[in-house]
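Chain by chain, the residues run as shown.
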Amino acid sequence: MATSADVIGVASPAHGHSDTDRELGVLGPRPVAKTGLWSWLTTVDHKRIGILYGLSALFFLVVGGVEALLVRLQLAAPNLSVLPADIYNQMFTMHATTMIFLAIMPLSSAFFNYLVPLMIGARDVAFPRLNAFSLWVFWAGAALLNVSWLTGSAPNASWVGYANITSKQFNPGLSADYWVMGLLVLGVASVAASLNFFVTIINMRAPGMTLMRLPVFVWMTFITNILILLAFPPITIALIQLMMDRMFGANFFNVAAGGLVILWQHWFWIFGHPEVYILILPAMGVVSEILPTFSRKPLFGYPLIVFSGAFIGFMGFAVWSHHMFTTGMGVIATLAFSITTSIIAVPTGVKIFNWIGTMWGGHIRFATPMLYATGFIAMFTIGGFSGVMHSAAAADAQQHDTYFVVAHFHYVLIGGTLMALLGGLAYWFPKITGRMMNEAFGKVAFWTIMIGFNVTFFPMHILGLNGMPRRIYTYSGDMGWNFWNLVCTIGAFVLAFGLLFFFINMAMGLKKGAIAGDDPWDARTLEWSIPSPPPEYNFAAIPTVTHLDDFWHSKITGKPKPQYDGHPIHMPAASYYPMVVGIGMFVWAMGMIYKDAPGGFLIAGAGMLALIFGVYGWALEGPGGYHVDPSKESGAHN
Amino acid sequence: MGHAAIAEHDQHHHVEHSYTGIPNKKVLMWAFLASDCMFFGTLISTYIIYHGKSLVGPYPVEVLSIPVTTASSFVLLMSSLFMALAVAAVNRKDIGQTRLWIFATAFFGLIFLGFQSFEFTEFFHRGVTLQKNLFGSTFYTMTGTHGLHVAIGVLWLFSWFVYSYFGDISDKAVDIESTGLYWHFVDIVWIVIFTVIYLVEFVGIGG
Ligand SMILES: [Cu+2]
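1. Some thoughts on the interface of chain B and chain A
For step 1, the next point in the chain: In this complex, chain B contributes 44 residues to the contact, which on the side of chain A involves 48 residues.
For step 2, the next point in the chain: At the boundary of chain B with chain A, the tally comes to 0 salt bridges.
For step 3, the next point in the chain: For the pair chain B and chain A, the interface holds 15 residue pairs in polar contact (both at pLDDT 80 or more).
For step 4, the next point in the chain: It is helix α2 (residues 24-50) of chain B that provides the largest number of residues to the side of chain B that touches chain A, a total of 16 residues.
For step 5, the next point in the chain: Partitioning the side of chain B that touches chain A into residue classes produces 19 nonpolar, 19 polar and 6 charged.

Right, here's the structure in full:
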């Protein structure tokens, strides 16, 4: 509660030294609400934006999960028709698209937002309004992808959208258009957010927070965001080329005019492989924070873990064609990508040994976050093994497009990423809410998830090796696939219950969990040195960092806490314009999808106008701000 | 005084925090341009991959005009010079000169766009359309994206020009330098496009 904050509006002449009066501020007053819906919709506070990202991601995790359950019901037994075949295509396409772009990526984003400024000793990100913009554009893209259900034409060409399954000729209707526009808009959100975090990590660090004193989570965020900056452009251009083909009759992927459908695969995987590191590196960062805390030891081989992460990020751009071993690229290309793919397993293995080394000889506490972190190591290692198997091109030719691949990437994405991110939620829940989650129930949820996950996905290895292809609608009863498919479906429901337990535990913790205090886990990084939940300005006094794990170091050596110097703290003002721009982008994209319908172009134009208005309003209102005096805050600084 | 005075100043004017000493907006622009390199890299690669793959004409060698494009390239390069002068002026806090060179940059950007619309119209009349062949698809998408970048830059520069009459532009040196970085980048991309699409076509190594 910033009861004593003197909020400076544009029209307030009393504060001659505020930023606002140096800007033109011609487009109306700024939002001043501190509580309630509007304060959340107009917020530029990285912690609130992080929470909104997190809640959206969990919502879409449920949506994508229900889609997965429907897919599993359809496949539970041979020759079922739980869903009509075309709805089934939409269901598995939207399951993957939702999980990757609307659940896992934004859940990572939630951690970036909430944690990075706290971990580097900053009061916010470098561009608070750009951060709100990313959130709104993400919502616009998420809405675009999902309103397609209401029109009966959800994306249906799988998450890789290979040409020419997406061409107008073979995919009439609007399914592919929704997919193209949704992903384009989501790409804008991702790139904008990455620019912000790139600058934040480079420039907003507290004094003494050198690069080699950054928490590993911040390092992995940094590498992830560089990957997003470099990997999203190829897919964006490919989507624009597909849009030109579908909406304006261009020939990029038109075989009849000499176009090469294989080009799409190259563009897609030049994005798609870095994308899997975009999905896994933040999770590795989370695990690298949890393990030292619950082993009561520093992270083993900090520089090795950092450089391995950077090397993985770099090599991530040199392996994309291992997704295309069966396309007939030729011996040399196949060999080259086989070798680079094998090489990339090395830094990954280095990390795994370092994590084990961290636990080795440690005073280990198996609290819920630690269960997830160790679960991550075990499950990710299994997913990594099947990944290395794919690097052998000859073996991959057998496994390609079978359930073996489905098993592999679910081990990496659920057993790896989701496991780590759930652990992260359990770990930072006390910091975010000020309350603890129930440990006993948390462990029940963990084991339910762990068992459900393995029952669902381990049999898929067997199904894949027995030749069951991906993405098939149904199968005949004499293929020998019946038993394991039924097991998979049962496991999926167990997994769903596990996640449900996790959410119930979160809700219960929020309502009546024990009060957490600043540092409930006896942790190591700066976010634990401030109150839970942190005040809006994060740090009353910006810390001066002298060591890796500075907070842990100061607890041991008794280094005095930094003292507040009495100057009011400048906070960035809230803004309406990120919302205006986000809504404008949604309207524009809808207009483009319906450009051939009457008024379609008009709608697109109106959206574009709203977008331009929002950009100018944003530029002209300036960052603005108001001052907060922590010494007058009610109970925030204790 | 020294330190205390700076701290005082910090509190009231919120001089932005920067660990490296490089302003946030400049780091942002550099990072964006790195990303933009990949955008244009993908577009230009597509053009090269599809070069000589069109099944029907008109082919690039029949329509591309070196003299016209040389002229428009020269105009764009000159605008980069003006942009540099504008940045120098705003760093001197010389409002008049800043305004003048920003206007000149934007105006030359407009001339370049004029050349481009002339070229597009000309090509269109000679049968090069987006739908006609791969050359049309790749050419219009790539140069169109570049033209859109120029157009956004022109709009940005004209906005600064108008702003200079209402706000204190001498306060905006970092912002204008960021605009400048963007503008120079768009020019450099054009040099690459001009080389790869126009010059190589006639040197005969374009396949
Ligand atoms: Cu890959």
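2. Focus on the pattern of salt bridges
Residue and element names in this part refer to chain A.
For step 1, the next point in the chain: Evaluation of the coordinates by the stated rule reveals 17 salt bridges over all chains.
For step 2, the next point in the chain: Residues D401 and R471 are paired through a salt bridge, measuring 3.6 Å at the closest nitrogen-oxygen approach. Separated by 70 residues along the polypeptide, D401 in the loop between α11 (393-399) and α12 (403-433) and R471 in the loop between α13 (439-465) and α14 (482-512) bring together distant segments of the chain.
For step 3, the next point in the chain: Put simply, D522 and K555 hold a salt bridge, and the shortest N to O gap is 2.7 Å. Linking D522 in the loop between α14 and α15 (550-557) with K555 in helix α15, this pair joins segments that are 33 residues apart in sequence.

3. Quick notes on the environment of A:T224
Residues and elements named next belong to chain A.
For step 1, the next point in the chain: Residue placement: T224 occurs in helix α6 (residues 216-248).
For step 2, the next point in the chain: On the accessibility criterion, T224 (1% relative accessible area) is buried.
For step 3, the next point in the chain: The spatial distance from the C-alpha of T224 to the C-alpha of G313 is 7.5 Å, given a sequence separation of 89 residues.

4. Description of the nonpolar core
Residue and element names in this part refer to chain A.
For step 1, the next point in the chain: Among the nonpolar cores identified, the biggest contains 244 residues, and F101, M181, W264, W355 and F376 are the most heavily contacted of them.
For step 2, the next point in the chain: The element that contributes the greatest number of residues to this core is helix α3 (residues 85-120), accounting for 22 residues.
For step 3, the next point in the chain: The contacts of W264, once residues within four sequence positions are left out, are V160, G161, Y162, A163, W179, A238, L239, L242 and F253.
For step 4, the next point in the chain: Grouped together as the second largest cluster of nonpolar side chains are 7 residues, Y537, I569, M571 and V628 included.

5. With respect to α3(A)
Residue and element names in this part refer to chain A.
For step 1, the next point in the chain: Here α3 is 36 residues long and its end C-alpha atoms lie 50 Å apart, about the 52 Å a rise of 1.5 Å per residue gives.
For step 2, the next point in the chain: Of all the bends in α3, the largest measures some 35 degrees and sits at M99.
For step 3, the next point in the chain: With 32 of 36 residues buried, α3 is to be regarded as a mostly interior element.
For step 4, the next point in the chain: Positioned one or two residues after α3, G121 has a phi angle of 75 degrees, which is positive.

6. Some remarks on the coordination of the copper ion
For step 1, the next point in the chain: Within the protein, A:H273 (ND1), A:H322 (NE2) and A:H323 (NE2) serve as the donor atoms for the copper ion, at 1.7 to 2.0 Å.
For step 2, the next point in the chain: The buried category is assigned to A:H273, whose relative accessible area is 6%.

7. Quick notes on the environment of A:I593
Residue and element names in this part refer to chain A.
For step 1, the next point in the chain: Structurally, I593 is set in helix α16 (residues 577-593).
For step 2, the next point in the chain: With a relative accessible area of 6%, I593 lands in the buried category.
For step 3, the next point in the chain: Linking I593 and N156, residues 437 residues apart in sequence, is a C-alpha distance of 16 Å.
For step 4, the next point in the chain: Excluding anything up to four places from it in sequence, I593 contacts L144, L174, D177, Y178, M181 and M247.

8. A word on a nonpolar patch on the surface
Residue and element names in this part refer to chain A.
For step 1, the next point in the chain: A contiguous nonpolar surface patch, about 550 Å² in accessible area, is contributed by L73, V82, F493, F497, L500, I504 and M508.
For step 2, the next point in the chain: Broken down by element, the nonpolar patch gets its largest block of residues, 5 residues, from α14.
For step 3, the next point in the chain: Secondary-structure assignment places L500 in helix α14.

9. Quick word on the confidence of the model for chain A
Residue and element names in this part refer to chain A.
For step 1, the next point in the chain: Per-residue confidence for chain A averages 91 on the pLDDT scale, and 95% of its residues sit at or above 70.
For step 2, the next point in the chain: Overall, residues 1-26 carries pLDDT values under 50, and its contacts beyond four positions in sequence, including any with other chains, amount to 55 contacts.
For step 3, the next point in the chain: Segment residues 634-638 is flagged for pLDDT under 50; beyond a separation of four residues in sequence, or across chains, it makes 9 contacts in the model.

10. As for the environment of A:I223
Residue and element names in this part refer to chain A.
For step 1, the next point in the chain: Within the fold, I223 resides in helix α6.
For step 2, the next point in the chain: A sequence separation of 58 residues divides I223 from L281, and the C-alpha atoms of the two residues are 7.9 Å apart.
For step 3, the next point in the chain: When neighbours within four sequence positions are excluded, I223 is seen to be in contact with L281, V306, G309, A310 and G313.

11. Details of the packing of aromatic side chains
For step 1, the next point in the chain: Evaluated as defined, the whole model comprises 63 aromatic pairs over all chains.
For step 2, the next point in the chain: With a centroid separation of 6.2 Å and 45 degrees between ring planes, the pair formed by A:W179 and A:W264 is classed as tilted. Within this pair, whereas A:W179 is found in helix α5 (residues 175-203), its partner A:W264 is found in helix α7 (residues 261-295), the two being separated by 85 residues in sequence.
For step 3, the next point in the chain: Ring geometry for A:Y427 versus A:W521: centroids 6.4 Å apart, planes at 20 degrees, classification stacked. With A:Y427 in helix α12 and A:W521 in the loop between α14 and α15, the pair connects residues that are 94 residues apart, well separated along the chain. For the residue pair A:Y427 and A:W521, the accessibility class agrees, reading buried in each case.
For step 4, the next point in the chain: What links up through ring pairs into an aromatic cluster is the set A:F101, A:W159, A:W179, A:F232, A:F252, A:F253, A:W264, A:F268, A:W269 and A:F271.
For step 5, the next point in the chain: Looking at A:R48, its charged tip hangs above the ring of A:W40, at a distance of 4.3 Å from the centre.
For step 6, the next point in the chain: The ring of B:Y165 has B:R99 sitting right over it, with the charged end atom 3.9 Å from the ring centre.

12. Considering empty space enclosed by the protein
Residues and elements named next belong to chain A.
For step 1, the next point in the chain: Counted by the stated rule, this structure contains 5 cavities of 30 Å³ or more.
For step 2, the next point in the chain: Lining of the largest cavity is provided by 18 residues; of these, Y53, M105, P106, S109 and S190 occupy positions nearest its centre.
For step 3, the next point in the chain: Taken together, the elements giving at least two residues each to the lining of the largest cavity come down to α3, α5 and α6.
For step 4, the next point in the chain: Across the lining of the largest cavity, the residue classes break down as 12 nonpolar, 6 polar and no charged.

13. Re the side chain of A:Q241
For step 1, the next point in the chain: By the secondary structure assignment, A:Q241 is in helix α6.
For step 2, the next point in the chain: Classification of A:Q241 as buried rests on a relative accessible area of 0%.
For step 3, the next point in the chain: A distance of 3.0 Å separates a polar atom in the side chain of A:Q241 from a polar atom in the side chain of B:T46.
For step 4, the next point in the chain: Every residue in contact with A:Q241, bar those within four places of it in the chain, is listed here: A:F252, A:F253, A:W267 and B:T46.

14. Observations regarding unusual backbone geometry
Residue and element names in this part refer to chain A.
For step 1, the next point in the chain: Across the junction of A163 and N164, the peptide omega takes the value -5 degrees, indicating a cis bond.
For step 2, the next point in the chain: As for its placement among the helices and strands, N164 is situated in the loop between α4 (128-147) and α5.
For step 3, the next point in the chain: Between S532 and the following residue, P533, the backbone shows a cis peptide bond with an omega angle of -10 degrees.
For step 4, the next point in the chain: Of note, the phi angle at N79 is positive, near 55 degrees, even though the residue is not glycine.
For step 5, the next point in the chain: Summarising the element assignment, N79 is placed in the loop between α2 (46-75) and α3.

15. Structural notes on the packing of helix α5 (residues 95-125) of chain B against helix α6 (residues 134-166) of chain B
All names here are of chain B.
For step 1, the next point in the chain: Remark: α5 packs on α6, axes separated minimally by 9 Å, with the N-to-C direction vectors making an angle of 155 degrees. The angle between the axes of α5 and α6 places the two elements in the roughly antiparallel class. With respect to the hand of their crossing, α5 and α6 are arranged in left-handed fashion.
For step 2, the next point in the chain: Of the residues in the contact of α5 with α6, the class split is 20 nonpolar, 8 polar and 2 charged.

Procedures and definitions
- Residues numbered from 1 in each chain as written.
- Chains lettered and ligands numbered in written order.
- Predicted model: local features only at pLDDT ≥ 70, side-chain atom pairs only at ≥ 80, totals over all residues.
- Heavy atoms only, no water.
- Contact = heavy atoms within 4.5 Å.
- Salt bridge = Lys/Arg side-chain N within 4 Å of Asp/Glu carboxyl O.
- Polar contact = N/O pair within 3.5 Å; in protein donor to acceptor, adjacent residues only side chain to side chain.
- Helix = DSSP H or I, 4+ residues; strand = E, 2+ residues; numbered from the N terminus.
- Nonpolar A, V, L, I, M, F, W, Y, C, P; charged D, E, K, R; others polar.
- Buried < 20%, exposed > 50% of the residue type's maximum accessible area, 1.4 Å probe, protein only.
- Core = buried A, V, L, I, M, F, W, Y, C linked by side-chain atoms within 4.5 Å.
- Expected span 1.5 Å × (residues − 1).
- Bend = angle between axes of the 7 residues up to and from the residue.
- Donors = N, O, S within 2.8 Å, 3.2 Å for Na, K, Ca; no water.
- Patch = residues over 30% accessible without salt bridge, like charges linked within 9 Å, V, L, I, M, F, W, Y side chains within 5 Å.
- Areas by Shrake-Rupley, 256 points an atom, 1.4 Å probe, with all protein chains shown as cover.
- pLDDT = per-residue confidence, 0-100.
- Phe/Tyr/Trp six-rings, centres within 6.5 Å; stacked < 30°, edge-to-face > 60°.
- Lys NZ or Arg CZ within 6 Å of the ring centre and 35° of its normal.
- 1 Å grid on protein atoms, 1.4 Å probe; cavity = no way out; pocket = protein on both sides within 12 Å on 5 of 7 lines; lining within 4 Å.
- Points joined across faces, edges and corners; volume = space filled by probe spheres on them.
- Axes fitted to C-alpha atoms, helices over the stretch in contact; angles between N-to-C directions.
- Parallel < 35°, antiparallel > 145°, perpendicular 65-115°, else oblique.
- Left-handed = near helix turned anticlockwise from the far one by under 90°.

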